[in-house]
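Topology and contacts: notes
Below are the chains, spelled out letter by letter.
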Amino acid sequence: MGMSVPQCLGQLHIRKGVVGLATGAGFIYLLYKAIKAGIKCQPPLCTTSPICIARLAIERERHGRDSGELRRLLNSLECKQDEYAKSMILHSITRCVYLLEAEASACTTDDIALVGSMLDDKDNSVKIQALNTLKAFSGIRKFRLKVQEHSIKVLELISSIWDSELHIAGLRLLNNLPLPDYVHPQLRRVMPALMEILQSDYILAQVQAIRLLSYLAQKYDLLYDILNCQVHANFLNLFQSTQPGSLLFEVLVFAERLSEGRNSPHYRAVKWHYNEQSLHEALFGDESRLADRLLALVIHPEEEVQIQACKVIVSLQCSQDVGVRPSVCQPSRSYFNSGE
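Here goes a summary of the coordinates provided.

Rules behind the numbers
- Residues numbered from 1 in each chain as written.
- Predicted model: local features only at pLDDT ≥ 70, side-chain atom pairs only at ≥ 80, totals over all residues.
- Heavy atoms only, no water.
- Phe/Tyr/Trp six-rings, centres within 6.5 Å; stacked < 30°, edge-to-face > 60°.
- Buried < 20%, exposed > 50% of the residue type's maximum accessible area, 1.4 Å probe, protein only.
- Helix = DSSP H or I, 4+ residues; strand = E, 2+ residues; numbered from the N terminus.
- Lys NZ or Arg CZ within 6 Å of the ring centre and 35° of its normal.
- Salt bridge = Lys/Arg side-chain N within 4 Å of Asp/Glu carboxyl O.

1. Topic: the packing of aromatic side chains
Counted according to the given criterion, the structure contains four aromatic pairs. A ring pair is formed by Phe-137 and Phe-143, whose centres lie 5.6 Å apart and whose planes are at 90°; its orientation type is edge-to-face. With respect to burial, Phe-137 and Phe-143 carry one shared label: buried. When the ring of Tyr-224 is compared with that of Tyr-274, the centres are 5.6 Å apart and the planes differ by 40°; the resulting orientation is tilted. Of this pair, Tyr-224 sits in helix α14 (residues 220–227) while Tyr-274 sits in the loop between α16 (265–268) and α17 (279–284), and the two are 50 residues apart along the sequence. Linked through ring pairs, Tyr-224, Tyr-267, Trp-272 and Tyr-274 together constitute an aromatic cluster. Looking at Arg-262, its charged tip hangs above the ring of Phe-284, at a distance of 4.3 Å from the centre.

Pasting the structure below:
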């Protein structure tokens, strides 16, 4: 139990019964013992604990005082540190950005550049933490454009390093940013890597990849690059009812946007050619079994999956009405029009 110095003095007085009478050297000695005991009675300070730092910082900000913690961390990042220390510092900066709104808003674009420079570190854990920190800063409006400047570097990392945690961190950052047109050439180059991540076995990375692809599918100048991207022969396994509902829903949104995109007048005005192993052939080709997968998902236990499957079916039916090559719908017309 922790006791204050007065409490310790009081106990000492009771035990000894001589504090009030002691004089000279004896009194000084007893006082020294009391102070020493009082210091030992104090609970240990936890200034190095992230939880204590966060609590102290939040409490100070609540009372209108700058804790200085975020600035201290950013300054320490500028010093020479080993990889582990840099990872821990970046992790703490990320926490502070989310928890200390006023201090985070007081940061500068130089601070964003400093964090961005950590993307060049040789250690993947440092890269991952830097990506998380940039995502935290991207939630502050005045830093979005500065964070956006690192988009090409992030795409490069995602496509060149096969690390699920790095993929998740990088894709979450990109999904939190509007991607400018000047990034499109790089996006075309990394499209095969994004498709590979989508077909991996790591659900969190797959969900982030499909969200980015769904966003890009709405960009007319990228639509053909997506549709002509090579996929595995078992790509339609992503539409199996055994997949997690969160992934199924995102895959169905992606399919709907692709279908809508290829139905658009601008896209139909050009005669496109696709390779045999392309995403287009897997989804919309004459041999595709997408229709069967969709019908199975109409009775999926999760309502949002059911609804989204129906939306894709309606979109595929529309493609017949507007004169698009009736690849997936024609062999399955009887299914869609039947009592099922």
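2. A word on the pattern of salt bridges
Under the defined criterion, the tally for this structure stands at 11 salt bridges. Note that Asp-121 and Lys-86 form a salt bridge whose closest N and O atoms lie 2.5 Å from each other. Note that Asp-121 is positioned in the loop between α7 (109–117) and α8 (124–138) and Lys-86 in helix α5 (residues 83–99), a separation of 35 residues in sequence. Judged by relative accessible area, Lys-86 falls into the buried class, the value being 12%. Across the pair Asp-221 and Arg-188 runs a salt bridge, and its minimum N-O distance is 3.4 Å. You can see Asp-221 sitting in helix α14 and its partner Arg-188 sitting in helix α12 (residues 184–198), a full 33 residues away along the chain.

Any link to function would need more than the numbers given here.
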